[in-house]
Amino acid sequence: MSTETVADQRVVEAAVDAARTAAGWWAGLGWDGRRRALLAWKRTLTTRVEELAGQIREETGKPHGDAVLEVMLAVEHLDWAARHARGVLRRRRVPSGLLAANQAASVGYEPLGVIGVIGPWNYPVYTPLGSISYALAAGNAVVFKPSEHTPGVGRWLADRWAEAVPGPAVLQAVTGGGEAGAALCRAGVDKIAFTGSTATGRKVMAACAETLTPVVVEAGGKDALIVAADADLDAAARAAAFGSFGNAGQTCAGVERVYVEQAAYEPFLERLAELARATTPGEAPDARYGRMTTPTQAAIVAEHIGDALAKGGRAVVGGPDAVRPPFVDPVVLAEVPEDSLAVTEETFGPTVVVNPVRDLDEAVARANASRYGLAASVFTGSRRTAVEVAERLRAGAVSVNAVLGFAAVPSLPFGGVGDSGFGRIHGADGLREFSRAKSVTRQRFAAPIDLLRLDRQPAALHRAARLFQLRHGRG
Ligand code: NAD
């Protein structure tokens with residue numbers, strides 16, 4: 001926890017009030033004005049990437065390259081949201097159908113007003129910007145409550161906004177812990193976009209239920225990677241190592257479980273073990289990965305390793321000694337019973353469980369037997385198998401022959417199923433998530449059979465009923 005100020009209910013409400021005023025100004029700028037403002041902020045983030053990466057690194061402990069990559073990905077999304085908001089959300093004609101052929105029908109998407117964004121610490125720029133960029137582009141003002149572990153990053157983003165887009169406070173940061181987040185839920189915002197753990201997501205939903213404030217919940221994951229016998233095992237092992245150990249395993253859509261078809265099991269495990277042994281975390285800017293960001297996380301990782309071994313799993317690389325706070329060395333666990341914590345709960349550390357499966361049916365069944373469903377990956381040499389497996393996986397996103405393939409594709413929506421949450425950020429769905437659809441009809445001429453009148457003629461109803469039978473009774 002830093003020395004940043006802790007916003008209480010009064011401070012949060014004042015920020016929301018200011019945002020409410022700013023929202024009117026922001027909406028009034030129109031599509032072009034908002035696009036220009038968002039792109040000005042984007043240029044600042046891009047030209048000052050080193051400064052921002054330094055702030056991320058200071059608060060999270062991640063290597064310099066990871067921090068820069070995070071900003072690059074976030075900026076890609078910001079650019080997409082700025083440039084596509086108009087095309088996705090502007091009012092457009094839709095077919096009005098046979099029954100209402102006399103009506104011209106159109107749908108447009110309006111901003112909700114003020115969005116409260118509550119963020120996590122693991123990707124303190126990429127993750128909240130997944131909501132902030134799309135909410136702003138859709139015409140809303142935003143009050144952002146960054147994680148208590150990364151308040152400096154949140155403040156930096158809001159300060160750069162104020163410089164790039166002078167005027168009313170369209171984007172503000174309020175800092176503090178859970179209390180500040182809870183205050184934001186109660187402050188009369190029009191929607192809460194929450195990213196964090198499933199347990200906190202439940203609390204956020206409960207608080208928002210009191211005022212019928214809608215929520216998007218982007219929560220945890222226990223993502224599986226499936227390796228088919230015909231896969232490129234070197235590529236699969238490299239991706240598994242990156243997905244499991246990268247960012248010290250503190251990635252919501254990182255790889256936590258690997259299911260490998262029997263024929264490829266031993267060679268895959270060997271390759272992954274080799275990569276794990278060659279990887280060490282550290283403080284250096286060019287380390288493979290850094291420390292555990294929060295002091296409590298190492299204990300959870302240790303508990304999961306201990307439980308997996310106690311239940312009969314095998315430590316192929318590392319083990320309980322790998323946990324040497326604030327660092328955790330890579331841990332590869334094999335043949336871990338499916339009821340172990342390391343299989344059922346989000347570990348959020350640089351550990352991975354690798355289990356053999358008879359065939360891809362069993363792999364899919366095990367991958368899907370989780371209360372989480374954020375993302376998943378499949379490695380196979382067959383395009384047809386890839387599509388089949390991807391269709392059957394219960395997850396919000398699937399990467400084929402890669403991990404996190406969707407993260408840099410701004411037009412793809414992102415979000416989970418089950419305990420991984422609901423609602424979508426990114427892409428056209430992400431823009432609509434922060435908008436309200438409004439339908440408009442304009443009567444072009446009187447209906448030939450007019451049923452919407454008090455003095456409706458029986459003959460008119462009779463004709464309509466006959467048409468109704470012809471139209472729907474057979475087809
Ligand atoms: P967390 O749940 O502890 O905290 C998340 C945010 O909620 C923080 O800003 C925190 O201050 C706030 N908060 C805490 N209590 C609150 C309350 N009662 N009301 C309102 N806000 C409250 O999560 P974390 O440890 O910061 O982040 C890690 C978790 O986030 C992991 O589970 C990870 O998988 C998940 N995550 C998910 C995604 C995604 O897009 N699905 C992305 C990144 C991280």
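Position numbers for residues count from 1 along each chain, tracking the sequence in the order it is written. Under the rules for a predicted model, residues below a pLDDT of 70 receive no local features and side-chain atom pairs below 80 are neither given nor counted, while totals for whole chains, interfaces and linings still include all residues. Hydrogens are left out, water is left out, and the side-chain values use all remaining heavy atoms of the structure.

Quick look at the domain arrangement of the protein chain now. What marks off one domain from the next here is an automatic or database domain assignment. Its domain assignment divides the protein chain into domain 1 (9–219 + 423–436) and domain 2 (224–409). A straight line from the C-alpha centre of domain 1 to that of domain 2 covers 31 Å. Contact residues are listed per partner, giving 20 residues for domain 1 and 21 residues for domain 2. Buried surface area refers to the total accessible area, computed with a probe of radius 1.4 Å, that the two partners give up upon joining, counted for both partners together. A buried area of about 1,700 Å², summed over both sides, lies between domain 1 and domain 2, and 50% of it is on carbon and sulfur atoms. Summed over the three residues of domain 1 that lose the most area to domain 2, namely Pro63, Trp121 and Tyr123, the buried surface amounts to 27% of that side. Whenever Lys or Arg places a side-chain nitrogen within 4 Å of a carboxyl oxygen from Asp or Glu, that contact is recorded as a salt bridge. On the surface where domain 1 and domain 2 come into contact, there are zero salt bridges. Nitrogen and oxygen atoms within 3.5 Å of one another constitute a polar contact, given that in protein one can donate a hydrogen and the other can accept it, and given that sequence-neighbouring residues count only through two side-chain atoms. Put simply, domain 1 and domain 2 have 10 residue pairs in polar contact (both at pLDDT 80 or more) between them. Residues count as neighbours in contact if any of their non-hydrogen atoms are within 4.5 Å of one another.

On to the sheet that holds strand S9 (residues 255–261), then. When DSSP finds two or more bridges between two strands, those strands count as paired. Numbering of helices and strands runs from the N terminus, with a helix taken as a DSSP run of H or I at least four residues long and a strand as a DSSP run of E at least two residues long. Spatial ordering of the open sheet is given by S10-S13-S14-S9-S8-S16-S17, a layout of seven strands whose pairing is mixed. Of all strands in the sheet, those with a lone pairing partner are strand S10 (314–317) and strand S17 (397–400), marking the two edges. Neighbour-to-neighbour, the strand axes of this sheet turn through a mean angle of 25°, independent of strand direction. One ladder, built from five bridges, connects S9 with strand S14 (residues 351–357); its direction is parallel. Its bridge partner being in S14, valine 258 is matched across the sheet by valine 354. In this analysis an axis means a line fitted to C-alpha atoms, helices contributing only their contacting stretch, and an angle means the value between N-to-C directions, from 0 to 180 degrees.

Let us now look at the sheet that holds strand S2 (residues 103–111). Through backbone hydrogen bonds, the strands of a sheet pair up, either in parallel or in antiparallel fashion. The strand order across the open sheet built from three strands is S1-S2-S20, with neighbouring strands paired in antiparallel fashion. Each edge of the open sheet is held by one strand with a lone partner, namely strand S1 (92–94) and strand S20 (435–443). Pairs of neighbouring strands in the sheet enclose a mean axial angle of 35°, with direction left out of account. Of the strand pairs in this sheet, S2 and S20 are connected by nine bridges, and their pairing is antiparallel. Residue pairing for S20: valine 107 is matched across the bridge by serine 439.

This part is about helix H8 (residues 198–209). The span expected for a helix works out to 1.5 Å for each residue beyond the first. Along its 12 residues, H8 runs 16 Å from first to last C-alpha, staying within 8% of the 16 Å computed at 1.5 Å per residue. Buried residues of H8: Thr198, Gly201, Val204, Ala207 and Cys208, and no others. On its buried face, H8 is in contact with strand S3 (114–118), helix H7 (178–185), strand S6 (191–195), strand S7 (215–218) and strand S15 (372–373). Burial status follows relative accessibility: with a 1.4 Å probe on protein chains alone, a residue under 20% of its type maximum counts as buried, one over 50% as exposed, and anything between as partly exposed.

The next subject is the pairing of S14. Consecutive residues of a regular strand have side chains that alternate between opposite faces of the sheet. Across the seven residues that make up S14, a large majority, six, are buried. Sheet topology places strand S13 (residues 331–334) next to S14; four bridges connect them, and they run parallel. Looking across to S14, one finds that alanine 334 is bridged to valine 354.

Below, the discussion takes up the site of the ligand. Distances are taken per atom, and a residue is near a molecule or strand as soon as one of its heavy atoms is within 4 Å of it. In the vicinity of the ligand there are 29 residues, among which Lys145, Glu148, Ser197, Thr200 and Glu346 approach most closely. One nitrogen or oxygen atom from the main chain of alanine 219 is found 2.8 Å from a nitrogen atom belonging to the ligand. We get accessible surface area from the Shrake-Rupley algorithm with a probe of 1.4 Å; when it comes to residues, only the shown protein chains can shield them. Coverage of the ligand by the protein chains reaches 88% of its 850 Å² of free accessible surface. Looking at the shell around the ligand residue by residue, the classes come out as 12 nonpolar, 12 polar and five charged. Per-domain counts for the shell around the ligand show at least three residues from each of domain 1 (9–219 + 423–436) and domain 2 (224–409). Each residue is assigned to one of three groups, with Ala, Val, Leu, Ile, Met, Phe, Trp, Tyr, Cys and Pro labelled nonpolar, Asp, Glu, Lys and Arg labelled charged, and all others, Gly among them, labelled polar.

Summarising the element assignment, serine 370 is placed in the loop between helix H13 (360–368) and S15. Within the local environment of serine 370, its side chain forms a polar contact with the backbone nitrogen of tyrosine 372, the two atoms lying 3.0 Å apart. Contacts of serine 370, omitting those with residues within four sequence positions, involve Lys222, Arg257 and Arg394.

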